[in-house]
Amino acid sequence: MNILIIGGGGREHTFTWKLKQSKKVNQIFILPGNAGTASLGTNLPISTTNFEAIGKVCLEENISYVIVGPEEPLVKGIVDFFSADAKLKNVKLIGPGLAASKLEGSKSFAKAFMEKHGIPTASYRHFSLETLKEGSEYIRNHPLPIVIKADGLAAGKGVIICHSHIEALAEFELILQRAKFGEAGKTVVVEEFLSGIEVSVFVLTDGKDFVLLPEAKDYKQVGAGDTGLNTGGMGSISPVPFFDKNLEQKIKEKIIVPTINGLASDKLDYKGFIFFGLMITRKGPYVIEYNCRMGDPETESVIPRIQNDLFDLFAAVHNGTLGSMVIQTDPRCTGTVVAVSGGYPGVYEKGYPIQGLDRFNLEDSLVFHAGTRLENNIPVTSGGRVLAITSFGSNVTEAVEQSVYALEQISFEDMYFRNDIGFEFVELNRQ
Ligand code: AMP
Ligand code: GLY
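The following refers to the structure shown. This structure is a prediction, so every number in the text was calculated from the model and none was measured. Counting starts from 1 at the beginning of each chain's written sequence and moves along it residue by residue. In the order they appear in the text, chains get letters beginning with A and ligands get numbers beginning with 1. Note on the predicted model: pLDDT of at least 70 is required for a residue's local features to be given, and 80 or more for side-chain atom pairs to be given and counted; whole-chain, interface and lining totals, by contrast, use all residues. The side-chain values count all of the structure's non-hydrogen atoms but skip hydrogen atoms and water molecules.

**Overview of the environment of Ala388**
Then comes step 1: Topologically, Ala388 is positioned in strand S20 (residues 385-393).
Then comes step 2: Judged by relative accessible area, Ala388 falls into the buried class, the value being 2%.
Then comes step 3: In this structure the C-alpha to C-alpha distance between Ala388 and Leu366, which are 22 residues apart in sequence, comes to 8.3 Å.
Then comes step 4: What makes two residues a contact is simply this: any of their non-hydrogen atoms within 4.5 Å. Among residues more than four places away in sequence, those in contact with Ala388 are Glu300, Thr336, Val337, Val338, Leu366, Val367 and Phe368. Numbered from the N terminus, helices here are DSSP runs of H or I no shorter than four residues, and strands are runs of E no shorter than two. The classification of residues rests on relative accessible area computed with a 1.4 Å probe and restricted to protein chains. Under 20% of the type maximum is buried, over 50% is exposed, and intermediate values are partly exposed.

**Let's talk about a nonpolar patch on the surface**
Then comes step 1: Patch membership needs two things, relative accessible area over 30% and no salt bridge, and members are linked within 9 Å if like-charged or within 5 Å if nonpolar (Val, Leu, Ile, Met, Phe, Trp, Tyr). Under the convention used here, a 1.4 Å probe and the Shrake-Rupley method define accessible areas, while residue burial counts only the protein chains that appear. Each reported salt bridge corresponds to a side-chain nitrogen of Lys or Arg within 4 Å of a carboxyl oxygen of Asp or Glu. A grouping of Val159, Ile161 and Phe193 is seen on the molecular surface, where their side chains present a nonpolar patch of about 230 Å² in accessible area.
Then comes step 2: Residue class for Val159 comes out partly exposed when judged on its relative accessible area of 40%.

**Quick word on the site of ligand 1**
Then comes step 1: We call a residue near a molecule or strand when any one of its heavy atoms sits within 4 Å of it. Surveying the vicinity of ligand 1 reveals 14 residues, the closest of which are Glu191, Glu192, Leu194, Glu198 and Glu289.
Then comes step 2: Here a polar contact is taken to be a pair of N or O atoms separated by no more than 3.5 Å, where protein atoms must pair a possible hydrogen donor with a possible acceptor and residues adjacent in sequence count only if both atoms sit in side chains. Within the side chain of Glu198, an N or O atom sits 2.4 Å from an oxygen atom of ligand 1.
Then comes step 3: Lys220 places a polar side-chain atom, nitrogen or oxygen, 3.0 Å from an oxygen atom of ligand 1.
Then comes step 4: Contact with the protein chains covers 89% of the free accessible surface of ligand 1, which is 480 Å².
Then comes step 5: Per-class residue counts for the shell around ligand 1 are seven nonpolar, no polar and seven charged. Any residue that is not Ala, Val, Leu, Ile, Met, Phe, Trp, Tyr, Cys, Pro, Asp, Glu, Lys or Arg is counted as polar, Gly included; the first ten are nonpolar and the last four charged.

**Some thoughts on the sheet that holds strand S11 (residues 210-212)**
Then comes step 1: Here the rule is simple: two strands pair whenever DSSP picks up at least two bridges between them. Across the sheet, four strands lie side by side as S11-S10-S14-S15; this open sheet has antiparallel pairing. Where the open sheet ends on each side, the last strands, each with one partner, are S11 and strand S15 (284-291). Ignoring which end each strand starts from, the neighbouring axes of this sheet average 35 degrees apart.
Then comes step 2: Of the pairings in the sheet, the one linking strand S10 (residues 197-205) to strand S14 (residues 272-281) comprises nine bridges and is antiparallel in character. In this analysis an axis means a line fitted to C-alpha atoms, helices contributing only their contacting stretch, and an angle means the value between N-to-C directions, from 0 to 180 degrees.

**Examining the side chain of Arg11**
Then comes step 1: When you line up the elements, Arg11 lands in helix H1 (residues 10-20).
Then comes step 2: Overall, the relative accessible area of 8% leaves Arg11 in the buried class.
Then comes step 3: Here the side chain of Arg11 touches Glu12 through a polar contact of 2.9 Å, side chain to side chain.
Then comes step 4: Those residues within four positions of Arg11 in sequence are excluded, and the remaining contacts are Gly69, Pro70, Arg293, Met294, Gly295, Asp296, Thr299 and Glu300.

**A word on the nonpolar core**
Then comes step 1: Within this scheme, the nonpolar core is defined by two criteria: the residues are buried Ala, Val, Leu, Ile, Met, Phe, Trp, Tyr or Cys, and they are joined through side-chain atoms within 4.5 Å. Of all hydrophobic cores here, the largest spans 78 residues; its most connected members are Leu4, Ile54, Val66 and Ile78.
Then comes step 2: At six residues, the largest contribution of residues to this core is made by helix H9 (residues 245-265).
Then comes step 3: In this structure Ile54 touches Leu4, Ile6, Leu31, Ile46, Ser47, Thr48, Ile78 and Phe82, once residues within four positions along its chain are discounted.

**Some thoughts on H9**
Count 3.6 residues to each turn of an α-helix, and residues three or four apart come out pointing the same way.
Then comes step 1: Expected helix span is computed as 1.5 Å times (number of residues minus one). Given a rise of 1.5 Å per residue, 21 residues ought to cover 30 Å, and the 28 Å separating the end C-alpha atoms of H9 matches this to within 8%.
Then comes step 2: By definition, a residue's bend is the angle between the axes fitted to the seven residues ending there and the seven starting there. Maximal helix bending in H9 amounts to about 45 degrees, located at Lys252.
Then comes step 3: Positive phi shows up at Lys267, right after H9, with a value of about 55 degrees.

**A word on the site of ligand 2**
Then comes step 1: Residues in close proximity to ligand 2 include Asp218, Gly232, Phe275, Arg293, Gly295, Asp296, Pro297 and Glu298, which together make up its full environment.
Then comes step 2: Measuring from a nitrogen atom of ligand 2, one finds a side-chain N or O atom of Asp218 at 2.9 Å.
Then comes step 3: Between an oxygen atom of ligand 2 and a side-chain N or O atom of Arg293, the distance comes to 2.9 Å.
Then comes step 4: About the coverage of ligand 2: the protein hides 86% of its 200 Å² of free accessible area.
Then comes step 5: The class makeup of the residues in the shell around ligand 2 is two nonpolar, two polar and four charged.

**Describing unusual backbone geometry**
Then comes step 1: A cis geometry characterises the amide bond from Leu144 onward to Pro145, with omega recorded as -15 degrees.
Then comes step 2: With respect to the helices and strands, the residue Pro145 is situated in the loop between helix H7 (132-140) and strand S7 (146-150).
Then comes step 3: Between Ser238 and the following residue, Pro239, the backbone shows a cis peptide bond with an omega angle of -5 degrees.
Then comes step 4: When you line up the elements, Pro239 lands in the loop between strand S13 (227-238) and H9.
Then comes step 5: Non-glycine residue Asn377 carries a positive phi angle of around 70 degrees.
Then comes step 6: The exposure class assigned to Asn377 is exposed, which follows from its relative accessible area of 69%.

**As for the pattern of salt bridges**
Then comes step 1: Enumeration according to the criterion identifies 23 salt bridges in this entry.
Then comes step 2: Ionic pairing is found between Glu183 and Lys186, a salt bridge with its closest N-O pair at 3.7 Å. Residues Glu183 and Lys186 agree in their burial class; the two are exposed.
Then comes step 3: In this structure, the salt-bridge partner of Lys208 is Asp209, at a minimum N-O distance of 3.2 Å.
Then comes step 4: The exposure class of Asp209 is partly exposed, given its relative accessible area of 25%.
Then comes step 5: Salt bridges linked by common partners bring Lys24, Asp309 and Asp312 together as one network.

See the structure below:
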């Protein structure tokens, strides 16, 4: 089988690395890929939303499966594009159709879906320019803090947690009246603040059955101790120490099963990953958000712990056998640490050579490339998040320490990483 992976980050390098281990996979194409994927398959310099060009490559290279990494091609309808084309409709995609990907593409759609199917989530209302006055009134009477969210995709910046009514009203007006997030902010969701511990839960589903993958926790803020600006993700760990069988059962019962049943009863076509961003509150697990794809950098912690052939799981999604698959999980912990370009998530330089990638034992640590490209066969930086290093350990602290050690062998100009990923579990792990 030939496979095409869409995307060019650490998540896609991880998929490539894992699929490369399958005997059933022949050639792997990655679009656009990065310097890491170039050593495992063929990178194609094509935009992830150029569906015509993607379709053409699938026919030319005899692609059987397309794994869609990021949300943008899904929310723009890549699955429907393939199924509407007589020559492409037999290509099997991992990713939901246009209608179902609104679970990520529109927060008001996701909230209405959860309300309809009785899935626990923060209470909310949604407003547009026409209902600005009502919205302002709702905010003024809402207890603090208040969460203001742009409805659409806003590159991870569309959520603002406000600690005063003045701030909330200002953000609300900026989004609706001044189009702070452009089209993505035509509708605004105003939501109750949930306190608790966040955890990321993933399933692979065919819209009827599902398999639960190892859970993870990601660290979004740029500074040590979860301080500073939000990023795409500075690191992740798996498993999450407080995640026990009892919590897993509750999440399945109250969230996963009603979601899958809801997709089926609403006739939403779904063959792919669902990423549940959850808040574990004193009243139990609540959904903060759905994503219609795997997380990044969660994938870098989760996929290495899965011992199954990943291709078998993707094939099962399409041949109706997912219900009989059992996920085999490596009992060891993984800790992923992301090295970023200095200045990220603000302004940063690109094009710096990366040194030391061959300096340590790859058995202990896996090096996944994110924003890198080859220049005269040398990997150079080409994005904010540059590398994600994943290591195994007997607990998360040990795994993260190993990843930090590995990163200390690597260098590029202005390289920065957090050395405290999993910090809240350090004491627990020393006991
Ligand atoms: P999102 O862009 O939906 O992933 O939201 C970004 C982050 O904002 C989440 O990971 C949470 O940390 C936080 N967040 C979003 N909604 C809420 C909420 N209702 N209560 C508390 N925190 C929230
Ligand atoms: N790490 C969070 C995400 O992928 O959305």
